[in-house]
Amino acid sequence: MEGIPTLVVLDEQFKVITTEGTAAVISDAEAARFPWRPQPLEALSPFTAGRINSGPTLLLIVDMGDDDAAEAFAKEVLLGVATATKAAPGGEDWAFLWARRGNEIAQSVLAFTGFIKDEEAEAPAGHLAVITDVPQQAMWDLKATGVEVSAVGLGSVVSDFKAGKLGPGKKLGGDDE
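Remember, predicted model here, so these are calculated numbers, not experimental data.

Asker: Break down the packing of aromatic side chains for me, with residues and values.
Answerer: The final tally for this structure, using the stated rule, is 3 aromatic pairs. With centroids separated by 5.3 Å and ring planes inclined at 15 degrees, the aromatic side chains of Trp-94 and Phe-96 adopt a geometry described as stacked. The same class applies to Trp-94 and to Phe-96, which are both buried. Ring centres 5.0 Å apart and planes at 90 degrees place the aromatic pair Trp-140 and Phe-161 in the edge-to-face group. Remark: Phe-161 occurs in helix α4 (residues 151-162) and Trp-140 occurs in strand β7 (residues 138-141); sequence separation between them is 21 residues. For the pair Trp-140 and Phe-161, one class covers both residues: buried. An aromatic cluster is present here, built from Trp-94, Phe-96, Trp-140 and Phe-161 joined pairwise through their rings.

Asker: Describe the sheet that holds β7, and please don't skip the residues or the numbers.
Answerer: With mixed pairing, 6 strands are arranged side by side in an open sheet as β3-β5-β4-β6-β7-β8. Lying at the two open borders of the sheet, with one neighbouring strand each, are β3 (42-43) and β8 (170-171). Bridge analysis of strand β4 (residues 56-62) against strand β5 (residues 95-100) gives 6 bridges, and the strand direction is parallel. Across the sheet, Ile-61 pairs through a bridge with Ala-99, a residue of β5. In this fold helix α3 (residues 104-113) packs onto β4, β5, β6 (128-133), β7 and β8, with an angle of close to 125 degrees to the strand it touches most, β4.

Asker: I'd love a proper account of a nonpolar patch on the surface, names of residues and values included.
Answerer: Where nonpolar side chains cluster on the molecular surface, the patch consists of Val-8, Leu-10, Phe-14 and Val-16 and spans about 400 Å² of accessible area. Residue position: Val-16 is located in strand β2 (residues 16-18).

Scoring rules and cut-offs
- Residues numbered from 1 in each chain as written.
- Predicted model: local features only at pLDDT ≥ 70, side-chain atom pairs only at ≥ 80, totals over all residues.
- Heavy atoms only, no water.
- Phe/Tyr/Trp six-rings, centres within 6.5 Å; stacked < 30°, edge-to-face > 60°.
- Buried < 20%, exposed > 50% of the residue type's maximum accessible area, 1.4 Å probe, protein only.
- Helix = DSSP H or I, 4+ residues; strand = E, 2+ residues; numbered from the N terminus.
- Pairing = 2+ DSSP bridges.
- Contact = heavy atoms within 4.5 Å.
- Axes fitted to C-alpha atoms, helices over the stretch in contact; angles between N-to-C directions.
- Patch = residues over 30% accessible without salt bridge, like charges linked within 9 Å, V, L, I, M, F, W, Y side chains within 5 Å.
- Areas by Shrake-Rupley, 256 points an atom, 1.4 Å probe, with all protein chains shown as cover.
- Salt bridge = Lys/Arg side-chain N within 4 Å of Asp/Glu carboxyl O.

Here it is, written out as structure tokens:
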């Protein structure tokens, strides 16, 4: 066998729970989250990173040194928005992810989008939020547009995105609009 096999997890009715079963098993070897159903808001990890490719994703980069405080902040400002968005029509396409500043996967995503020059570059200080839409090859730097990293600010920008009010965004990779 070559490569990493694909593990698809199904529910009792044979509906797909996740096509990312291999990453789920690797990141949750004790199966504490089995059967690995997507949650409204999740930490960016090898298991969740692939969701960025599927549709609109709001990625929150939390500038806090403590994991517990960072997670609490992410939940405070984004969990309500994520839950409401995913429950609404079309919400299943969305992903809401968070990571601490300096997270290796987050650095890769920020470099991929063109938000930072490369994976070694420093992102601006403070909390950051970006929306990526890989199928549309676009990203939106929410800090640059003046969006406050709060439940109200992020809820408003998601509504604006869904209504087409954010404009075309920047081309992934850092090219101009």
